[in-house]
Amino acid sequence: MQPLIKVEHLNVIYNLGKSSEYRALNDINLEIYPEEFIIFFGPSGCGKSTLLYSISGLETNTQGNIYIDGKNLTLFNKNELLTFHRKTIGMIFQAFYLIASLTVQKNVALPQIFMNSDKKARTKKALEMLEYFGVSKQARKLPNELSGGQQQRVAISRALMNDPTILMADEPVGNLDSKSSQDVMDMLKLLNENEKKTIILVTHNPAFLSYAHRVFYMKDGVITETRVNRHVHGVHIATDDEVKPNISRELELLISTYSSLSPSQIGNLLIPFKAKQIVSEALIGMTTEEVGKIEKKVENLLMTGVYDNDSTFEFLDQSMEKGGADLDKRTAKKIADKIKDIIGEIKKIEDEENKIRLRISPNAGGEVMEVRHYLLDSYDIEVKNFIVLEVIDRAIKDRLDNVIDRDVFRKRLNAPLRRGGAGLNKRVAKKMSKRLELLILGKYK
Ligand code: ADP
Ligand code: MG
């Protein structure tokens, strides 16, 4: 099956070249298939709307390629874009955008006016649409005489007037109570299943994720992962995760399953399994004995957790007589890279675990916490946000362990939250770092 939409290396940078330059989308690649129900999900500001509008042809600060039905939107001129947009795409928004001075029916008929259609025909069609969505009784009212849920149904009717292939919805239930939200979501599902509309919906609300065939998770302008709920028409569409197995998720799962185990215990459970997987993927066609030997070696490498690219590669590449695995250079490189990735992943998880442990077990981080209380109390600062506390604690721990110097400590306290800092003001950060130095000198000398 050919994708209906294909996005290649899409970047959107606002205010390019100015001091306010902002990269809203960073190398987005995706494919959407006919009749899929897709959700772009992520926190506010992560770029969902920007991605939606880029695909709709409304966003023009784009770099990269956007294909719809095989046609490259980025090569269209303004008029071609407009025509494309009117014919192919219907849009609904959180704020409905109905024209307050026009009746419901006229609002719905509006898109057809731009298509030069016969007035009678478009009035009739508008009524049919309103009928379909259960708001035909409201046809002669003005939009603000309707409830929010009804207004959104009217907006959906309007979006469908030109019979678009794709319906885009930007936070369509963001303004609705839960009952109306449910109604509108069910309408969209109906349109997807019965009317065969491809639907792309943007939301920051996880409550609706199950409506989608696939969910693209977004963060800071990138797609972090794709999850499949259902396959459209039973057609299996491989996600990135299926193409290359997502190690993090596997480890995450393992950690939550064995939450009482320490990271190293989990690692030990996992390592033989991982070693086997790495090896079997790369070594189709070798004898059992050869494979076993390499497995053992990979297992050892994972166990030590120390990655030395050269020696790993050398082992994999070197001849059997010299104690190596005698692989061709490309395969050796592939395995070596994979081992490196996995060791990196295991380390990441250990860091996460340590962070959590620091937070939940006062004894483990006792000293850090004591120091933190001392520092914050000295300046009468009360921190309520636990992310800030975590940043401060980590900075204190790193300074106590002498992993960072005084300057870095100060900078971490001062840097804004979004850049991983604690967001304390300059003066306080400076004073606190000085006080910590004094403390260290007194205590650790
Ligand atoms: P979302 O829909 O996920 O909340 P948006 O796509 O609206 O996010 O915005 C992504 C980021 O791009 C935000 O930080 C936003 O402030 C910024 N942004 C959006 N539109 C513009 C614009 N026209 N000029 C500058 N920055 C913008
Ligand atoms: Mg948005």
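Data block above holds the structure.
Quick look at the structure, then. (Residues numbered from 1 in each chain as written. Chains lettered and ligands numbered in written order. Predicted model: local features only at pLDDT ≥ 70, side-chain atom pairs only at ≥ 80, totals over all residues. Heavy atoms only, no water.)

**Considerations on the overall build of the chain**
So, step 1. Across its full length, the chain holds 16 helices and 10 strands.
So, step 2. Relative to its full complement of 445 residues, the chain shows a buried share of 43%.
So, step 3. When contacts within the chain are restricted to residue pairs at least 6 apart in sequence, those whose partners lie at least 24 apart make up 64%.
So, step 4. Of the roughly 24,400 Å² of accessible surface on the chain, a fraction of 51% belongs to carbon and sulfur atoms. (Helix = DSSP H or I, 4+ residues; strand = E, 2+ residues; numbered from the N terminus. Buried < 20%, exposed > 50% of the residue type's maximum accessible area, 1.4 Å probe, protein only. Contact = heavy atoms within 4.5 Å. Areas by Shrake-Rupley, 256 points an atom, 1.4 Å probe, with all protein chains shown as cover.)

**Some thoughts on helix H1 (residues 48-56)**
The periodicity of an α-helix, 3.6 residues per turn, causes residues three or four positions apart to be oriented the same way.
So, step 1. Burial of H1 is extensive: seven of the nine residues sit out of reach of the surface.
So, step 2. Residues of H1 that are buried: Lys-48, Thr-50, Leu-51, Leu-52, Ser-54, Ile-55 and Ser-56.

**Things to note about the sheet that holds strand S9 (residues 214-219)**
So, step 1. Pairing is mixed across the open sheet formed by six strands, whose spatial order is S6-S7-S8-S3-S9-S10. At either margin of the open sheet sits one strand with a lone partner, and together these are strand S6 (89-93) and strand S10 (222-228). Taken over all neighbouring pairs, the strand axes of this sheet differ in orientation by 15° on average, direction set aside.
So, step 2. Sheet analysis places S9 next to S10, joined by six bridges and oriented antiparallel. Counterpart to Phe-216 in the pairing with S10 is Thr-226.
So, step 3. Relative to the sheet, H1 contacts strand S3 (37-41), S6, strand S7 (166-170), strand S8 (198-203) and S9, its axis offset from that of S7 by approximately 155°.
So, step 4. Sheet strands in contact with helix H5 (residues 148-160) are S6 and S7, and its direction is about 165° off that of S6. (Pairing = 2+ DSSP bridges. Axes fitted to C-alpha atoms, helices over the stretch in contact; angles between N-to-C directions.)

**Things to note about the environment of Gly-221**
So, step 1. The residue Gly-221 is located in the loop between S9 and S10 in this model.
So, step 2. Residue classification places Gly-221 among the buried positions, given a relative accessible area of 2%.
So, step 3. In this structure, the C-alpha to C-alpha distance between Gly-221 and Asn-26, residues 195 residues apart in sequence, is 5.4 Å.
So, step 4. Ignoring any residue separated from it by four or fewer positions in sequence, one finds Gly-221 in contact with Ala-24, Leu-25, Asn-26, Ile-28 and Cys-46.

**Focus on the site of ligand 1**
So, step 1. Taken together, Tyr-14, Asn-15, Tyr-22, Ala-24, Pro-43, Ser-44, Gly-45, Cys-46, Gly-47, Lys-48, Ser-49 and Thr-50 make up the full set of residues near ligand 1.
So, step 2. In this structure, an oxygen atom belonging to ligand 1 sits 3.2 Å away from a main-chain N or O atom of Cys-46.
So, step 3. The contact in question runs from an oxygen atom of ligand 1 to an N or O atom on the side chain of Ser-49, over 2.8 Å.
So, step 4. In the complex, 62% of the free accessible area of ligand 1, which totals 560 Å², lies under the protein chains.
So, step 5. Of all the elements in the fold, those that place two or more residues in the shell around ligand 1 are strand S2 (22-32) and H1.
So, step 6. Partitioning the shell around ligand 1 into residue classes produces five nonpolar, six polar and one charged. (Near = heavy atom within 4 Å. Polar contact = N/O pair within 3.5 Å; in protein donor to acceptor, adjacent residues only side chain to side chain. Nonpolar A, V, L, I, M, F, W, Y, C, P; charged D, E, K, R; others polar.)

**With respect to the pattern of salt bridges**
So, step 1. All told, the structure shown has 16 salt bridges when counted by the stated rule.
So, step 2. A salt bridge links Arg-399 to Glu-437, with the shortest nitrogen-to-oxygen separation between them at 2.8 Å. With Arg-399 in helix H14 (residues 386-400) and Glu-437 in helix H16 (residues 426-444), the pair connects residues that are 38 residues apart, well separated along the chain.
So, step 3. In this structure Arg-399 comes out as buried when scored by relative accessible area, which is 11%. (Salt bridge = Lys/Arg side-chain N within 4 Å of Asp/Glu carboxyl O.)

**Concerning the nonpolar core**
So, step 1. In this structure, Phe-37, Ile-156 and Leu-188 are the most contacted members of the largest nonpolar core, which totals 39 residues.
So, step 2. Secondary structure elements with two or more residues in this core: S3, helix H3 (104-113), helix H4 (119-132), H5, S7, helix H6 (178-193), S8 and S9.
So, step 3. Sequence-distant contacts of Phe-37, that is, excluding residues within four places in its chain, are made with Met-185, Leu-188, Lys-189, Asn-192, Ile-199, Leu-201, Tyr-211, Ala-212, His-213 and Arg-214.
So, step 4. The next biggest cluster of nonpolar side chains, apart from the first, holds 31 residues, and it includes Ile-66, Ile-68, Ile-89 and Met-168. (Core = buried A, V, L, I, M, F, W, Y, C linked by side-chain atoms within 4.5 Å.)

**Comments concerning helix H2 (residues 78-88)**
So, step 1. Regarding H2, the residues found buried are Leu-81, Phe-84, His-85 and Thr-88. Taken around the axis of H2, the buried residues stretch over an arc of 95°, which confines them to a single face. H2 presents Asn-79 and Lys-87 as exposed residues on the side facing more than 90 degrees away from its buried surface.
So, step 2. One side-chain oxygen of the residue at the start of H2 lies 3.0 Å from the amide nitrogen of Asn-79, identifying that residue as Asn-77. (Arc of directions from axis to C-beta.)

**Overview of the layout of surface pockets**
So, step 1. Considered as a void within the structure, the second largest pocket measures approximately 550 Å³ in volume.
So, step 2. When residues of the lining of the second largest pocket are traced back to their parent elements, those giving at least two are H2, S6, H3 and H5.
So, step 3. Ranked by the residues each element gives to the lining of the second largest pocket, the list is headed by H2, at five residues.
So, step 4. Considered class by class, the residues forming the lining of the second largest pocket number 12 nonpolar, five polar and three charged. (1 Å grid on protein atoms, 1.4 Å probe; cavity = no way out; pocket = protein on both sides within 12 Å on 5 of 7 lines; lining within 4 Å. Points joined across faces, edges and corners; volume = space filled by probe spheres on them.)

**Quick look at the side chain of Glu-225**
So, step 1. Along the chain, Glu-225 falls in strand S10.
So, step 2. Looking at Glu-225, the relative accessible area reads 16%, which means it is buried.
So, step 3. There is a polar contact of 3.2 Å between the side chain of Glu-225 and the side chain of Arg-227.

**Describing the packing of H4 against H5**
So, step 1. At a minimum axis separation of 9 Å, H4 and H5 run at an interaxial angle of 135°. One finds that H4 runs oblique with respect to H5. H4 and H5 meet at a crossing whose hand is right-handed. Packed against H4, whose contacting residues are Lys-125, Met-129 and Leu-130, the element H5 presents Val-154, Ser-157 and Leu-160 at the interface. (Parallel < 35°, antiparallel > 145°, perpendicular 65-115°, else oblique. Left-handed = near helix turned anticlockwise from the far one by under 90°.)

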